[in-house]
Number of protein chains: 2
Amino acid sequence: MNYYKTELLKDYNIKLIGMIEDWCSGFKMAKELGISRTAVWKAIAKLKDMGYEIETRKGKGYKLLKKPEISAYEIVSRLEKIDDIVNLIEEVYYYKEIGSTNEVAKKIGKSKILVFAEKQKTGKGRLGRRWSSEYGGLYFSIALTPILPLDDVPKITLTTGLAVCEALNDLKLDAKIKWPNDVLIYGKKVCGILCEILGEVELPLVIVGIGVNVKNEIPDDLKDKATSIKEFKDLTLLDVFEKIIKKFYLNYKMLIDERWDTIRQRWVEKSDTIGKNVVIKVSNKEYSGRAINIDKDGGLLLEDGTKVYSGECFYIS
Amino acid sequence: MNYYKTELLKDYNIKLIGMIEDWCSGFKMAKELGISRTAVWKAIAKLKDMGYEIETRKGKGYKLLKKPEISAYEIVSRLEKIDDIVNLIEEVYYYKEIGSTNEVAKKIGKSKILVFAEKQKTGKGRLGRRWSSEYGGLYFSIALTPILPLDDVPKITLTTGLAVCEALNDLKLDAKIKWPNDVLIYGKKVCGILCEILGEVELPLVIVGIGVNVKNEIPDDLKDKATSIKEFKDLTLLDVFEKIIKKFYLNYKMLIDERWDTIRQRWVEKSDTIGKNVVIKVSNKEYSGRAINIDKDGGLLLEDGTKVYSGECFYIS
C-alpha cells in the first residue's frame with residue numbers, strides 16, 4: 001500500500017505500536033483498545049506492511065523488534081508530542097512516492113492537513129524549478145487557511161524560512177537564510193520552500209511546501225550549490241521533521257498574533273543576505289544594490305530605498 | 001475542431017473575414033495579407049468549420065453569406081474595438097464545450113488570457129455550487145496578475161459584480177447587485193461571478209470567472225431563482241459580452257488606479273442588499289442584521305458594526 005490517511009489522535013494503531021514495545025497478547029490489545037481480535041490482527045498486518053518488524057509467538061503475543069526509519073505513525077506520534085498541534089494539522093496524508101506534496105495538498109484542497117512523501121517524482125521549487133527529491137530527504141506540505149489579512153500571506157514564506165533555519169540551529173547546524181527563503185549551510189542550499197495560494201479569493205488556502213535534504217545523496221550536477229544535513233551530522237528524519245514542524249507552528253502563531261516585527265528581526269539576525277551586494281531578478285526586471293533590511297511590509301530593502309518582494313537573488317562580490 | 005487559440009491583433013483570419021464581406025479573390029487576399037494561396041484556402045476552410053457560411057465562385061473568389069452567432073473571431077473583433085484591451089487580454093482560448101472556463105484558465109496558468117466557452121459541462125459558482133451552463137449563455141474567465149496589494153484582491157470580486165451590473169444597465173436592463181456578487185434582474189439571478197487565486201504567494205494569478213444567462217433556457221428547478229436576459233430583451237451574445245468586458249476593464253483600471261472609493265460608492269448605488277435585513281452564513285457561523293454599507297476594506301457592514309467579508313446572503317423580511 002502506498003498511501004495512509006491518518007487523523008491525528010484518532011487512530012488506534014499508534015497506541016498499538018506503544019503496547020508491543022514489550023510482549024503483549026492479542027487479547028490484551030483487543031480489550032484495551034476496545035476492538036475485535038480480527039481488528040488487532042489486521043492492524044499488525046498493516047504495521048508489518050509499513051516496515052515494522054514484529055515477532056509473533058504463541059502464548060506470548062506480539063513484540064516490536066524494529067521500527068522503520070519513518071512511517072505515517074512515527075510522523076503522527078511526533079506530531080502528538082507538540083502542544084495544540086491539532087490547531088495546525090488535523091489529518092496526515094502519507095505517501096511512499098508521489099508527484100509532489102504541494103500538488104497533492106492542492107488536490108485535496110482543504111485546510112489543516114499535512115501531506116508527507118518519502119520521495120517526490122516531480123518535486124518543484126520556486127519559479128517552477130526542479131527540486132531533486134530522493135529517499136532520505138524530508139518532503140512535506142501543510143495546508144492552512146490563513147486567519148490573517150491576505151496582504152500578510154507572503155510573510156508566511158519568510159516565517160517558514162526562519163522556522164527551518166532556527167530548527168536546524170537548534171540541532172547545532174550552522175544554517176542561515178538566503179533571501180527570500182533558501183536555507184543554507186556554509187553557503188549551500190539544504191532546504192527549499194514553496195508557498196502557494198489557491199481557492200476563492202475571499203477565503204483561499206495556503207500551501208506551505210518544505211523540502212529538506214537530510215540523508216539523501218545530492219545529484220552530482222547540484223553538488224556545488226546544494227548539500228545534505230548528513231554531510232555535517234547524523235540526524236534521523238523524524239528528529240529533523242519534529243523540530244521543523246514545532247518551530248513552524250510557533251512562528252506561525254507569532255505571525256497571526258501580530259508579532260511580525262519579532263519574526264522580521266529574527267529573520268534579519270539569521271540572514272545570509274543582509275549586508276551583501278545583490279542582484280535580484282524579477283521576471284524581466286533587475287534590481288541591484290546592498291541589501292540592508294527586511295521592511296515592515298516584508299519586502300527586501302536595498303540601500304537606495306528600492307523594495308523587492310519576490311525574485312531570484314544573486315550575490316555579487 | 002473544438003478549440004481555437006488566437007492572439008489578439010496577430011491573426012490574419014480576422015482581417016480575412018472583413019475582406020470577404022463583399023466578393024474577394026484568393027489572389028487579392030493572399031497579396032494583401034502577405035500569405036500564400038494555400039494559406040488563404042486553409043483559412044477559408046477553418047472559417048467554414050467555425051460556422052461561417054462562405055460562397056465560392058470561380059473567377060469571383062469568396063463571399064461571406066452569414067456569420068455564426070458567436071465564434072473566436074467575433075469575440076476577438078469585439079475585443080479589438082476596446083482601447084488598450086491588450087493590457088488586459090493578450091490571448092483568447094475559445095472552446096465549443098469544456099468543463100469550466102475557470103478550470104481551463106487555471107490549467108493554462110498564465111496572465112492576460114481570456115478563456116471562453118459556448119457551453120460548460122461542469123460550471124461552478126461560489127462555494128462549489130453547480131452553475132448551469134447550456135448553449136446560449138456567456139461563460140468566460142479572465143486571468144490577471146493583480147498589480148495591487150494582495151489585500152485588495154477580494155475587491156476584484158465586487159468590482160466585477162459592479163461591471164456586469166453597469167453593463168446590463170447600459171443595455172437598458174434593470175439589474176442590481178446582491179451582496180457579494182450576484183447580479184439580479186427583478187430579484188432573480190442573471191449572472192454569477194467566481195474569483196479564484198492560485199500560484200506562488202508572492203505573485204499569484206487571479207481568475208475572474210463570469211457566467212451570464214443571455215439566451216439560454218433556465219432549468220425548471222431553478223426558475224424561481226434564476227432568469228435569462230432573453231426574458232426581458234433580445235440581445236446578441238456578442239453585444240452583452242462586449243459591454244461587460246469593456247466595463248470590467250474600465251472598473252478594474254479604476255481599482256488599480258486607487259479609486260476604490262468610487263467603485264465602492266457606485267456598488268452601493270447599484271446594490272439590492274444595502275438597507276435590507278440579512279442573514280449571512282459563513283462556514284459554521286451566522287451573522288444577521290441590517291446591511292448598511294460596504295466598508296473601506298471591502299467588507300459588508302451591518303448596523304451593529306459587524307463586518308463580513310464572504311459568505312452566503314439571505315434576505316429576511
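Everything below is about the structure printed above this text.
Residues numbered from 1 in each chain as written. Chains lettered and ligands numbered in written order. Predicted model: local features only at pLDDT ≥ 70, side-chain atom pairs only at ≥ 80, totals over all residues. Heavy atoms only, no water.

A.B. asks: What should I look at first to understand the packing of helix α2 (residues 26-33) of chain B against helix α3 (residues 37-49) of chain B in this one?
C.D. replies: All names here are of chain B. Taken N-terminus to C-terminus, the directions of α2 and α3 make an angle of 105°; their axes are 9 Å apart at the nearest point. In this view, α2 runs roughly perpendicular relative to α3, as classed from their interaxial angle. Contact residues: Gly26, Phe27, Met29 and Ala30 in α2; Arg37, Val40 and Ile44 in α3. (Axes fitted to C-alpha atoms, helices over the stretch in contact; angles between N-to-C directions. Helix = DSSP H or I, 4+ residues; strand = E, 2+ residues; numbered from the N terminus. Parallel < 35°, antiparallel > 145°, perpendicular 65-115°, else oblique. Contact = heavy atoms within 4.5 Å.)

A.B. asks: Would you mind going over the relation of the copies chain B and chain A with me for this structure?
C.D. replies: What relates the pair of chain copies is a rotation about an axis plus a shift along that axis. Screw-axis analysis of chain B against chain A gives a translation of 0.0 Å along the axis, an RMSD of 0.1 Å, and a rotation angle of 180°. Overall, the copies show the geometry of a two-fold rotation axis. Same-surface contact between copies: 100% of interface residues of chain B are shared with the interface of chain A. (Least-squares fit on C-alpha atoms with pLDDT ≥ 70 in both.)

A.B. asks: Where do I start with the interface of chain B and chain A in this structure?
C.D. replies: One frequently used descriptor of interface size is the decrease in accessible area upon assembly of the parts. Each partner contributes to the interface: chain B provides 23 residues, whereas chain A provides 23 residues. In this assembly, chain B packs against chain A so that about 1,800 Å² is buried in total across both faces, 60% of it on carbon and sulfur atoms. Viewed at the interface, chain A and chain B are joined by zero salt bridges. On the surface where chain B and chain A come into contact, there are nine residue pairs in polar contact (both at pLDDT 80 or more). Of all elements in the fold, only α6 (153-170) and β9 (188-200) of chain B reach the threshold of two or more residues within the side of chain B that touches chain A. Examining the composition of the side of chain B that touches chain A, we find that seven residues originate from one element, β9 of chain B, more than from any other. Two elements, strand β9 (residues 188-200) of chain A and β9 of chain B, share five bridges in a ladder whose sense is antiparallel. What sits directly across from glutamate 196 of chain A, in β9 of chain B, is glutamate 200 of chain B. (Buried area = accessible area lost by both parts, 1.4 Å probe. Salt bridge = Lys/Arg side-chain N within 4 Å of Asp/Glu carboxyl O. Polar contact = N/O pair within 3.5 Å; in protein donor to acceptor, adjacent residues only side chain to side chain. Pairing = 2+ DSSP bridges.)

A.B. asks: Is there a simple way to think about the packing of aromatic side chains in this case?
C.D. replies: Here a ring pair, both rings aromatic, is described through the centre-centre distance and the interplanar angle of the planes. Taken as a whole and judged by the stated rule, the model has 12 aromatic pairs over all chains. Where phenylalanine 248 of chain A meets tyrosine 252 of chain A, the ring centres are 5.8 Å apart and the plane angle is 5°; that geometry is what we call stacked. Of this pair, phenylalanine 248 of chain A and tyrosine 252 of chain A both sit in helix α7 (residues 237-256), four residues apart, roughly one helical turn. Note on accessibility: phenylalanine 248 of chain A and tyrosine 252 of chain A belong to one class, buried. Members of the aromatic cluster, each reached through a chain of ring pairs, are Tyr94, Phe116, Phe140 and Phe241 of chain A. Over the ring of tyrosine 249 of chain A we find lysine 253 of chain A, and its NZ or CZ is 4.4 Å from the ring centre. In this structure, lysine 276 of chain B packs its charged tip against the face of tyrosine 315 of chain B, placed 4.7 Å from the ring centre. (Phe/Tyr/Trp six-rings, centres within 6.5 Å; stacked < 30°, edge-to-face > 60°. Buried < 20%, exposed > 50% of the residue type's maximum accessible area, 1.4 Å probe, protein only. Lys NZ or Arg CZ within 6 Å of the ring centre and 35° of its normal.)

A.B. asks: Looking at this model, I keep getting lost on the side chain of glutamate 242 of chain A. Mind explaining?
C.D. replies: For glutamate 242 of chain A, the position within the fold is in helix α7. Excluding its chain neighbours within four sequence positions, the residues that come into contact with glutamate 242 of chain A are Arg78, Lys81 and Ile82 of chain A.

A.B. asks: Honestly, helix α6 (residues 154-170) of chain A in this entry has me stumped. Any pointers?
C.D. replies: Within an α-helix, residues lying three or four positions from one another point in the same direction, as the helix has 3.6 residues per turn. Residues and elements named next belong to chain A. Between the first and last C-alpha of α6 there are 25 Å, a value that for 17 residues agrees with the 24 Å anticipated at 1.5 Å per step. Across the 17 residues that make up α6, a large majority, 15, are buried. Of the residues trailing α6, lysine 172 is marked for its positive phi of about 65°. (Expected span 1.5 Å × (residues − 1).)

A.B. asks: Looking at this model, I keep getting lost on the side chain of serine 271 of chain B. Mind explaining?
C.D. replies: Here serine 271 of chain B shows up in the loop between α8 (260-269) and β11 (277-282). Looking at serine 271 of chain B, its side chain comes within polar contact range of the main-chain nitrogen of threonine 273 of chain B, at 2.8 Å.

A.B. asks: Got a minute to help me understand the pairing of strand β2 (residues 53-57) of chain A in this structure?
C.D. replies: Regular strands show a simple pattern: their side chains alternate between the two faces of the sheet. Residue and element names in this part refer to chain A. Pairing of β2 with strand β3 (residues 61-66) involves five bridges; the strand directions are antiparallel. Its bridge partner lying in β3, glutamate 55 is registered against lysine 63. Where β2 folds back onto β3 in an antiparallel hairpin, the turn is made up of three residues, including glycine 59, whose phi is positive at roughly 85°.

A.B. asks: Just to check I follow, could you spell out unusual backbone geometry for this structure?
C.D. replies: All names here are of chain A. Here the residue pair tryptophan 179 and proline 180 is connected by a cis peptide bond, since its omega of 0° sits within 30 degrees of zero. For proline 180, the location among the structural elements is in the loop between β7 (175-178) and β8 (182-185). Although it is not a glycine, glutamate 258 adopts a positive phi angle of roughly 60°. Of note, glutamate 258 is situated in the loop between α7 and α8 (260-270). The exposure class of glutamate 258 is exposed, given its relative accessible area of 75%.

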